[in-house]
Amino acid sequence: MIKRLAAFTLCATALSASALTAMPPANEWEIGPWARGKNYSIGMPATPREGANGSLVVDFPQAGRGEWDALTTGVGPLKNVDRISIRYRIDAAPGTRFVPAEEPDQTATISVYFQRAGDTWTAKGRYASYRWYAPKQAVMPLKPGEHTISMSLDDRWTNVWHRPREEHEREFAAALSNTARFGIAFGTLGRRSHGVYATGPARFTLLSVDFD
């Protein structure tokens, strides 16, 4: 499994994000993240399912059956990208709530991040700035309906320790020039990719991802 992950993560044929003209198919996405040989999404399939018109479909795990932390895909450098947008739909049974796995008293959220090649997932030293998370205004509560999240790469992205890009401009630029993965994160405002679950049947459909 670790060898398979390494091949997926380090694939030299990944298109640069600016060259993507269509959302990558389901088999090029991964439900995870995988870090140091462990998948942090629990009770989930390895990849999403293909939906209508090239969409991706994932069912949220229900209480006591796991958690969903992130949906990721390989991309190339983001240095020539100005804006990232995702469009998605959430369908849920009446009364279903979305609950953060680690902070059940907080609001469950969806946001995005990108990751520099070579990240060790330790968040120590220089690796604290190998992952960059969407600005606060682009962190949205999980709720039924069709939604769009759009953010500029000139906005106030933050690193693993919530430090803004303006404090680490060189590291931010390096991550844009050496991007390896793009992810959709499920968690809370303070713990972006630490997992959520649903209290009833609920489905996530990713309709589009745009790098402009």
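Let us look at the structure shown here. Because the structure is predicted, anything quoted here is derived from the model rather than measured.

### Notes on unusual backbone geometry
The omega torsion across Gly-32 and Pro-33 is 10°, close enough to zero to call that bond cis. The topology assignment puts Pro-33 in the loop between strand S1 (29-32) and strand S2 (34-35). Residues other than glycine seldom take positive phi values, yet Asn-53 does so here, at roughly 55°. By the secondary structure assignment, Asn-53 is in the loop between strand S4 (49-50) and strand S5 (56-59). Residue classification places Asn-53 among the exposed residues on the basis of a relative accessible area of 82%.

### Comments concerning the packing of aromatic side chains
The geometry of an aromatic ring pair is captured by the separation of the ring centres together with the interplanar angle, meaning the angle of the planes. On inspection of all chains with the given rule, the structure shows 14 aromatic pairs. An angle of 85° between the planes, with centres 6.0 Å apart, marks the rings of Phe-60 and Phe-186 as edge-to-face. Remark: Phe-186 occurs in strand S13 (residues 179-187) and Phe-60 occurs in the loop between S5 and strand S6 (70-74); sequence separation between them is 126 residues. One exposure class covers both Phe-60 and Phe-186, and it is buried. Cluster of aromatic residues (ring-pair linked, three or more members): Phe-60, Trp-68, Tyr-88, Phe-98, Phe-186 and Phe-204.

### Thoughts on the nonpolar core
In this structure, Phe-60, Ile-86, Trp-157, Phe-182, Phe-204 and Leu-206 are the most contacted members of the largest nonpolar core, which totals 43 residues. Among the elements that take part in this core, strand S15 (residues 202-211) stands out by supplying five residues, more than any other. The next biggest cluster of nonpolar side chains, apart from the first, holds eight residues, and it includes Trp-121, Tyr-133, Val-160 and Ala-185.

### Focus on the pairing of strand S9 (residues 109-116)
The element S9 is largely enclosed, with a buried count of seven among its eight residues. Bridge count for S9 against strand S11 (residues 140-141) is two bridges, and the pairing is antiparallel. For Ile-110, the partnering residue across the bridge sits in S11 and is Met-140. Two strands pair when backbone bridges link them, and S9 and S13 are joined in this way by eight bridges, in the antiparallel orientation.

### Re the sheet that holds strand S7 (residues 83-92)
In space, the five strands of this open sheet follow the order S4-S5-S15-S7-S12, with antiparallel pairing throughout. Since the sheet does not close on itself, it has two edges, and those belong to S4 and strand S12 (145-152), each with one partner. As judged from the eight bridges shared by S7 and S12, these two strands associate in the antiparallel manner. Residue Ser-85 lies in a different strand from S12, and its bridge partner there is Ser-150.

Conventions and cut-offs
Residues numbered from 1 in each chain as written. Predicted model: local features only at pLDDT ≥ 70, side-chain atom pairs only at ≥ 80, totals over all residues. Heavy atoms only, no water. Helix = DSSP H or I, 4+ residues; strand = E, 2+ residues; numbered from the N terminus. Buried < 20%, exposed > 50% of the residue type's maximum accessible area, 1.4 Å probe, protein only. Phe/Tyr/Trp six-rings, centres within 6.5 Å; stacked < 30°, edge-to-face > 60°. Core = buried A, V, L, I, M, F, W, Y, C linked by side-chain atoms within 4.5 Å. Pairing = 2+ DSSP bridges.

Scope: geometric values only; no functional claims are made or implied.
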